[in-house]
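One letter stands for each residue in the lines below.
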Amino acid sequence: MKKDIKFHPVTGVKMAIVKEGKATDESWAVYLINKNLIELETLMITAKGYGEVAGEAKKTSVMRHMIEKLEATSIARVEAIDPALFLLNNEFWVSYYILDQIFDKKFIFVAGSVQEKHMTYIPELDMQGILHT
């Protein structure tokens, strides 16, 4: 049962939504950043959007992603993301193993938080975006 699993606090793992491409051909993507000095294994990532738009409840399909291994101090592109979804809360639930221990964390980019005025330079990606720690 889930209550019997001991979950340890997540450190050194971040998520970012970044603008890729040139100003004339922009696209957006979600990245996972491993700042740890040890690799992460068997990463499961679920992504979903939810919230209200013009007073009407909206939600997206749940997307699931699997990454076998993420090397120490490295990055992985998780998925492309449509800017229309920035009106919703975008939730990414990440679970992974380090050795035989399971780790689990939810990253939520709240509705309206992905905007040009909030973007910063993310050195690990060498791109501008929104970083969630």
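Please refer to the structure placed before this passage.
Read on for a plain summary of the structure. (Residues numbered from 1 in each chain as written. Predicted model: local features only at pLDDT ≥ 70, side-chain atom pairs only at ≥ 80, totals over all residues. Heavy atoms only, no water.)

A word on the side chain of Asn34. Checked against the element boundaries, Asn34 lands in strand S2 (residues 27-34). On the basis of relative accessibility, which here comes to 1%, the residue Asn34 falls in the buried class. Of note is the side chain of Asn34, whose polar atom sits 3.5 Å from the backbone oxygen of Leu70. In terms of polar contacts, Asn34 uses its side chain to reach the backbone carbonyl oxygen of Glu71, at 3.1 Å. Beyond its immediate chain neighbours, meaning those up to four positions away, Asn34 contacts Gly12, Glu39, Leu40, Leu70, Glu71, Ala72, Thr73 and Ser74. (Helix = DSSP H or I, 4+ residues; strand = E, 2+ residues; numbered from the N terminus. Buried < 20%, exposed > 50% of the residue type's maximum accessible area, 1.4 Å probe, protein only. Polar contact = N/O pair within 3.5 Å; in protein donor to acceptor, adjacent residues only side chain to side chain. Contact = heavy atoms within 4.5 Å.)

Let us now look at the pattern of salt bridges. Overall, the coordinates contain six salt bridges when judged by the stated rule. Among the salt bridges present, the one from Glu124 reaches Lys35, with a minimum N-O distance of 2.9 Å. Highlighted residues: Glu124 in the loop between strand S9 (120-122) and strand S10 (127-132) and Lys35 in the loop between S2 and strand S3 (40-53), separated in sequence by 89 residues. Of the charged contacts, one joins Glu39 and Lys69 as a salt bridge, the two residues approaching to 3.9 Å between their closest N and O atoms. With Glu39 in the loop between S2 and S3 and Lys69 in strand S5 (residues 63-70), the pair connects residues that are 30 residues apart, well separated along the chain. Classification of Lys69 as partly exposed rests on a relative accessible area of 45%. (Salt bridge = Lys/Arg side-chain N within 4 Å of Asp/Glu carboxyl O.)

This next bit is on the nonpolar core. Membership of the largest hydrophobic core comes to 27 residues, with the highest contact counts inside it found for Met15, Ile17, Leu32, Phe92 and Tyr96. Residues within four places of Tyr96 in sequence aside, it is in contact with Val10, Thr11, Val13, Leu40, Glu41, Thr42, Leu43, Gln101, Ile102 and Phe103. By size, the runner-up hydrophobic cluster in this structure holds eight residues, among which are Ala16, Val18, Ile33 and Leu125. (Core = buried A, V, L, I, M, F, W, Y, C linked by side-chain atoms within 4.5 Å.)

Relative to strand S8 (residues 101-109), strand S7 (residues 89-98) runs antiparallel, the two sharing nine bridges. In the sheet register, Trp93 faces S8, and the bridge partner there is Lys106. Counted between consecutive antiparallel strands, the loop separating S7 from S8 contains two residues, among which Leu99 sits at a positive phi close to 55°. (Pairing = 2+ DSSP bridges.)

In this section: the packing of aromatic side chains. This structure, assessed with the given rule, holds three aromatic pairs. Taking 5.1 Å as the distance between ring centres and 80° as the angle between the ring planes, the aromatic pair formed by Trp28 and Phe86 counts as edge-to-face. With Trp28 in strand S2 and Phe86 in the loop between strand S6 (74-80) and S7, this residue pair connects regions lying 58 residues apart in the sequence. Comparing Trp28 with Phe86 shows no difference in burial state: the two are buried. Between Tyr96 and Phe103, the ring centres sit 5.5 Å apart and the planes meet at 10°, which makes this aromatic pair stacked. Summarising the burial analysis for this pair, Tyr96 and Phe103 share the class buried. Over the face of the ring belonging to Trp93 we find Lys106, whose NZ or CZ atom lies 4.5 Å from the ring centre. (Phe/Tyr/Trp six-rings, centres within 6.5 Å; stacked < 30°, edge-to-face > 60°. Lys NZ or Arg CZ within 6 Å of the ring centre and 35° of its normal.)

Geometry only, nothing functional implied.
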